[in-house]
Amino acid sequence: MVEKRKPIKVVEAMKRIMAFSKHGRIEYVPLEDSYGHFLGQDLIADHDVPFFDRSPYDGFAIRAEDTVNANRNNPVSFEVIGEIGAGSVFNEPVGKNQAVRIMTGAQIPESCNAVVMLELANEYTKDGKPYFDLKRKSKVGENISFTGEDTKKGTVLATKGTYINPGIVALLATFGYKNVPVSSKPKIGIIATGSELLEVDQPLEPGKIRNSNAYMVQAQVKRAGGEPIYFGQFSDDFETCFYQVKEALEKVDFLITTGGVSVGDYDYLPDIYEKLGANVLFNKIAMRPGSVTTVAELDGKILFGLSGNPSACYVGFELFTRPTIREYLFVEKSFLKKEIAILGKDFTKANPFDRFVRGYLGYENGRLVASPIGLDKSNVVSSLGHADILIQLPGGTRGYEKGMEVSVILLEDQEGTTLDGFVESDINTRRSMRHV
Ligand SMILES: Nc1nc2c(c(=O)[nH]1)N[C@H]1C(S)=C(S)[C@@H](COP(=O)(O)OP(=O)(O)OC[C@H]3O[C@@H](n4cnc5c(N)ncnc54)[C@H](O)[C@@H]3O)O[C@H]1N2
Ligand code: MOO
Ligand SMILES: [Mg+2]
């Protein structure tokens, strides 16, 4: 008798997994390798930026009070007593009607309080000495980048778990992080199951297909911030498969299998979980694709039994595995961010389960437009290549029409949202499901 499985809601599945989420350690990586990692501790400014008052222009540092009488008919002349390039400091006093030639980025001399741009100074030489005339007043503080105006000492610039993008790399460099504290990446084991699978370099033969899931999932793990460890393709022989899963589990933080979770004769994962003594959190979700996604837990390690069907495998990973990886990395907003968009094409196929349709995002008349890519079966691979969103269509008895507001999940986003945020955008969509 085929086992009857009871589907649970997507959010319930997410909650059950989150109850077993865990965090990594802090480790250090060289600054130049830090891009794409996640901060292992808050990044706090330990000094003001800039660290000194500096000039934002090439010009002359002056005392503003010497310009009070300057106007078009009454130029005030200044004697240029020195020059400072960026990186140098001028330590001598600057007196009345004296100025120092200063370059962009250079420190303002102690006695000066304004900078005149080169373009406004009429330069000349008298008795072999450099001078310039100025025909307008300067205000105290004019053209000065003040100490701390960029950021003040003590400011929290980025919190633990922040994705290190090139801008964060600039901040890390500014604050002297030759080595950067980052969250250790979780080791994610990947096993592909199925006797029909060929290695990618093998020629096609009847009844066989190339194993695409293993490589797709490795890339997804990297995009999520984890470290994939690929254990290869396992056969559909139960005993072999059991020991391979058991051994792999010992070497990783989480384990992903693809295939073998449904009710077929060679779908061994359910029996493997049982023999391992793993606690199966669920084995059916009210969603398409990916309804067979099964998640189990053993000694605090999560086993993701993703579907063998490529699109179901892809969606199952992004909805359930990705947040677990991000949690491990101390990311507060570990779920993919959502937006509201206008459906770009009809999607007429009704389904009682929530659908996650591969799509792409565009922009029309100031609104985001979400267009389904094409064939939306769970066994297709072709619609994955151009997907940058999953269009979330709540289950129900009718299809969806072009022009309706829908919720979309952003696949390439780094900012994320919390589980509450993820749920909240669902509710909003349900409430506002209408034509615009
Ligand atoms: N009687 C029923 N049959 C099926 C049900 C069901 O409820 N009752 N569910 C269907 C759904 S929905 C899905 S999804 C699939 C899930 O299948 P499995 O997770 O057990 O995966 P497999 O049987 O191993 O393979 C399914 C499909 O995917 C291909 N595949 C497998 N691995 C890979 C890989 N690494 N790369 C590319 N393609 C892969 C495999 O050849 C099969 O075509 O079950 C339905 N059946
Ligand atoms: O899990 Mo299957 O992919 O629902 O279609
Ligand atoms: Mg199967």
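Since the model is a prediction, treat every value here as computed from it, not as a measurement.

A. Main features of the layout of surface pockets. Considering only enclosed or pocket space, the largest pocket measures out at about 600 Å³ in volume. Taken together, 34 residues line the largest pocket, and the ones lying closest to its centre are Gly259, Ser307, Gly308, Asn309 and Pro310. Within the residue set of the lining of the largest pocket, elements represented by two or more residues are strand 13 (209-210) and helix 6 (310-328). The residue inventory of the lining of the largest pocket, partitioned by class, reads 9 nonpolar, 16 polar and 9 charged. The residues that make up the lining of the largest pocket include at least three from each of domain 1 (10-25 + 184-328) and domain 4 (338-435). Of the volumes computed, that of the second largest pocket is approximately 190 Å³. Along its surface, the second largest pocket is lined by Phe38, Thr159, Lys160, Gly161, Thr162, Tyr163, Arg326, Val331, Glu332, Lys333, Gln414 and Glu415.

B. View of the pattern of salt bridges. Scanning the entire structure with this criterion turns up 13 salt bridges. Here Arg136 makes a salt bridge to Glu142, at a shortest N to O gap of 2.6 Å. A relative accessible area of 37% means that Arg136 is categorised as partly exposed. Exposure remark for Glu142: the relative accessible area of 19% places this residue in the buried category. Put simply, Glu239 and Lys275 hold a salt bridge, and the shortest N to O gap is 3.4 Å. On the criterion of sequence distance, the pair formed by Glu239 in helix 4 (residues 238-250) and Lys275 in helix 5 (residues 269-276) is long-range, its members being 36 residues apart.

What counts as what
Residues numbered from 1 in each chain as written. Chains lettered and ligands numbered in written order. Predicted model: local features only at pLDDT ≥ 70, side-chain atom pairs only at ≥ 80, totals over all residues. Heavy atoms only, no water. 1 Å grid on protein atoms, 1.4 Å probe; cavity = no way out; pocket = protein on both sides within 12 Å on 5 of 7 lines; lining within 4 Å. Points joined across faces, edges and corners; volume = space filled by probe spheres on them. Helix = DSSP H or I, 4+ residues; strand = E, 2+ residues; numbered from the N terminus. Nonpolar A, V, L, I, M, F, W, Y, C, P; charged D, E, K, R; others polar. Domains from an automatic or database assignment. Salt bridge = Lys/Arg side-chain N within 4 Å of Asp/Glu carboxyl O. Buried < 20%, exposed > 50% of the residue type's maximum accessible area, 1.4 Å probe, protein only.

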